[in-house]
Amino acid sequence: MKNNIAVIILAAGKSTRMKSDMPKVLHKLCGRAMLGYVLDLVASLKPRQVVVVLGFKQEQVRKIIPKSVKIALQKRLIGTADAVKAGLSALKGFKGTVLVLYGDNPLLKKDTLKKLLDYHIKNNVDATLLTAQLKKPAGYGRVIRDKYFSVCGIVEERDADEVEKDIREINTGIMAFKKEILDSNLKYIRPNNRKKEYYLTDIIGILAKKGCLVEAVKAEDLQEALGINTGAELAGANFIMQKRINDEFMQEGVTIVDPATTFISFGTKIGAGTVIYPFTVIERDVKIGKRCSVGPFAHLREAVRLGNDVTAGNFIEMVRAKIGAKTFVKHFSYIGDSSVGASVNIGAGTVTANFDGLKKHYTIIKDKVNIGSDTVIVAPARIGRSATTGAGSVVTKNVPDNAVVAGVPARTLRKKR
Ligand code: UD1
Ligand code: MG
């Protein structure tokens with residue numbers, strides 16, 4: 001089955017309802033562009049070919065598309081049917097099933113797609129849509145069924161009459177077609193609607209009228225149906241995605257004391273036995289070891305690495321920082337552009353002053369260092385192994401191994417050994 005599937009992902013649209021300059025599919029859920037989730041999902045199906053249709057600000061979207069995926073350009077954004085036409089132009093010579101996905105549908109899961117494709121292929125259907133029964137169907141295309149309960153069309157909300165608006169079965173936008181059926185019928189779609197666009201959804205009515213076999217598979221998890229068109233919908237989807245991410249960590253032995261106030265980006269790695277306390281924000285590209293303690297109120301920004309048994313306590317901000325095993329950074333500290341060794345104790349209120357107004361500079365703190373409370377380390381600086389800084393020190397130059405420094409600016413008081 002898998003060798004006979006090609007996927008077209010529609011991602012050419014603007015961000016009109018988001019009221020944003022950025023292409024909609026680049027808006028993020030848990031730190032990752034929504035199109036990224038769709039691309040991952042598609043890759044997991046191992047289809048023969050994948051085409052993404054781009055248009056609005058395509059050069060920005062291109063950056064997140066892997067090399068194995070083809071790109072087709074939609075010249076004028078005149079509707080989803082025209083976008084599919086552009087996608088098909090990259091699938092010349094392919095025969096089999098074409099799965100159409102929308103780039104603004106990031107919560108979809110693999111099992112659901114598999115179910116749809118299995119049904120479509122086993123029953124030799126011409127067009128199979130994924131539908132969902134929603135309590136509040138507003139905004140979506142409604143599925144029209146005839147007296148035999150067969151699908152006979154889709155009507156978009158803005159073109160629907162009052163009776164049609166009451167229909168709760170909606171079109172998720174996910175459809176599987178026989179390639180030749182899609183190829184030969186797109187041309188019958190006319191822009192006879194309020195938006196004067198070529199709607200892909202019209203193909204369902206066209207096929208039904210011709211006597212083609214059109215079927216619907218219902219999504220069991222209604223969250224998967226969510227298409228994101230507005231900022232509020234983005235926030236709603238972000239909430240669901242965050243829950244999925246947090247649930248997965250908890251299954252792997254990470255304790256999240258309050259999942260509702262813990263924001264962990266997609267792609268974060270956290271070792272088993274680690275406890276994340278409430279009000280913690282973890283941004284992209286963060287790796288946390290085993291048995292660490294993070295938060296409450298910790299902000300780990302990009303490229304943070306915590307070794308095993310590290311404590312990053314309350315009101316901590318870290319960015320581009322590597323922290324060695326068994327190191328404590330317990331209270332009110334900013335550690336940026338830094339490499340901190342193992343078994344270091346960083347006192348309350350420590351700041352690595354990494355920015356001189358023009359450039360960022362690096363701080364190195366070696367193993368077993370003791371940083372006194374309220375130390376400011378003016379980078380670039382290196383604090384040698386087992387050195388100590390007194391409370392309130394302002395370190396402006398390198399500190400040798402085993403030295404004890406204090407004052408403003410910090411001066412060496414003595415050597416430990
Ligand atoms: C669409 C469906 C609607 C369905 C809903 C599910 C149509 C006409 N309507 O509506 O039935 O309930 O999705 O979420 O298909 N795009 C292009 N080129 C275009 C226009 C759109 O590539 O010319 C892309 C967009 O980038 C987006 C996707 O197609 O990823 C869907 O477009 P969108 O405008 O979000 O359609 P909806 O109004 O949500
Ligand atoms: Mg949409």
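This text goes with the structure placed above it.
Attention in this report is confined to the structure presented alongside it. (Residues numbered from 1 in each chain as written. Chains lettered and ligands numbered in written order. Predicted model: local features only at pLDDT ≥ 70, side-chain atom pairs only at ≥ 80, totals over all residues. Heavy atoms only, no water.)

Attention now moves to the coordination of the magnesium ion (ligand 2). Coordination sphere of the magnesium ion (ligand 2), protein contribution only: Asp104 (OD) and Asn229 (OD1), at 2.0 to 2.3 Å. Taken as a pair, Asp104 in the loop between strand E6 (97-102) and helix H4 (110-122) and Asn229 in the loop between strand E11 (214-218) and helix H8 (231-251) lie far apart in primary sequence, 125 residues in all. Accessibility expressed as a relative area gives 12% for Asp104, which makes it buried. Residue Asn229 is classed as buried on the basis of its relative accessible area of 16%. (Donors = N, O, S within 2.8 Å, 3.2 Å for Na, K, Ca; no water. Helix = DSSP H or I, 4+ residues; strand = E, 2+ residues; numbered from the N terminus. Buried < 20%, exposed > 50% of the residue type's maximum accessible area, 1.4 Å probe, protein only.)

Near ligand 1 you find 24 residues, and of these Gln74, Tyr102, Asp104, Glu156 and Asn171 are the closest. One of the backbone nitrogen or oxygen atoms of Gly13 is found 2.8 Å away from an oxygen atom of ligand 1. Gly103 places a polar main-chain atom, nitrogen or oxygen, 3.4 Å from an oxygen atom of ligand 1. Across the complex, the protein chains shield 93% of the 760 Å² of accessible surface that ligand 1 would expose by itself. (Near = heavy atom within 4 Å. Polar contact = N/O pair within 3.5 Å; in protein donor to acceptor, adjacent residues only side chain to side chain. Areas by Shrake-Rupley, 256 points an atom, 1.4 Å probe, with all protein chains shown as cover.)

With that settled, consider the pairing of strand E7 (residues 127-133). Regular strands place their side chains on alternate faces of the sheet. Taken across its seven residues, E7 has six buried, putting it largely inside the fold. In this structure, E7 lies alongside strand E10 (residues 169-178), joined through six bridges in antiparallel fashion. Looking at E10, one finds that Thr131 is bridged to Asn171. With five bridges joining them, E7 and E11 adopt parallel strand pairing. Bridge pairing in E11 places Leu130 opposite Val217. (Pairing = 2+ DSSP bridges.)

Now for the side chain of Thr327. Residue placement: Thr327 occurs in the loop between strand E21 (311-323) and strand E22 (328-340). Within the structure, Thr327 has its side chain in polar contact with the backbone oxygen of Gly341 (distance 2.7 Å). Leaving out residues up to four positions away in the same chain, Thr327 has contacts with Asp309, Val310, Thr311, Val340, Gly341, Ala342, Ser343 and Val344. (Contact = heavy atoms within 4.5 Å.)

Time to look at a nonpolar patch on the surface. On the surface, Phe279, Phe297, Phe315 and Phe332 cluster together into a nonpolar patch covering about 420 Å² of accessible area. Structurally, the position occupied by Phe332 is in strand E22. (Patch = residues over 30% accessible without salt bridge, like charges linked within 9 Å, V, L, I, M, F, W, Y side chains within 5 Å. Salt bridge = Lys/Arg side-chain N within 4 Å of Asp/Glu carboxyl O.)

For the rest of this paragraph, the subject is the pattern of salt bridges. Tallying each qualifying case throughout the model produces 18 salt bridges. The partner of Lys243 in a salt bridge is Asp247, with the nearest N and O atoms 2.8 Å apart. One end of the pair is Lys243 and the other is Asp247, both in helix H8 and four residues apart, which spans about a single turn. Between Arg291 and Asp309 there is a salt bridge, and its shortest N-O distance comes to 2.8 Å. Placement of the pair is Arg291 in the loop between strand E17 (286-288) and strand E18 (293-294) and Asp309 in the loop between strand E20 (304-306) and E21, with a sequence separation of 18 residues. Sharing partners across several salt bridges, the network here consists of Glu302, Arg320 and Asp337.

What follows is about helix H7 (residues 202-210). For H7, the full list of buried residues reads Ile203, Ile204, Ile206 and Leu207. Along the axis of H7, the buried positions cluster into a sector of 165°, meaning they face one direction only. Tucked into the core, H7 has its buried residues touching E7, strand E9 (151-155), E10, helix H6 (179-185) and E11. A positive phi of about 90° marks Gly211, the residue just after H7. (Arc of directions from axis to C-beta.)

Our next topic: the pairing of E22. Judged from the 10 bridges that link them, E21 and E22 form a sheet pairing that is parallel. If you follow Ile323 over to E22, its bridge partner there is Val340. Relative to strand E25 (residues 363-365), E22 is paired through three bridges, and the arrangement is parallel. Note that in E25 the partner of Val340 across the bridge is Ile365.

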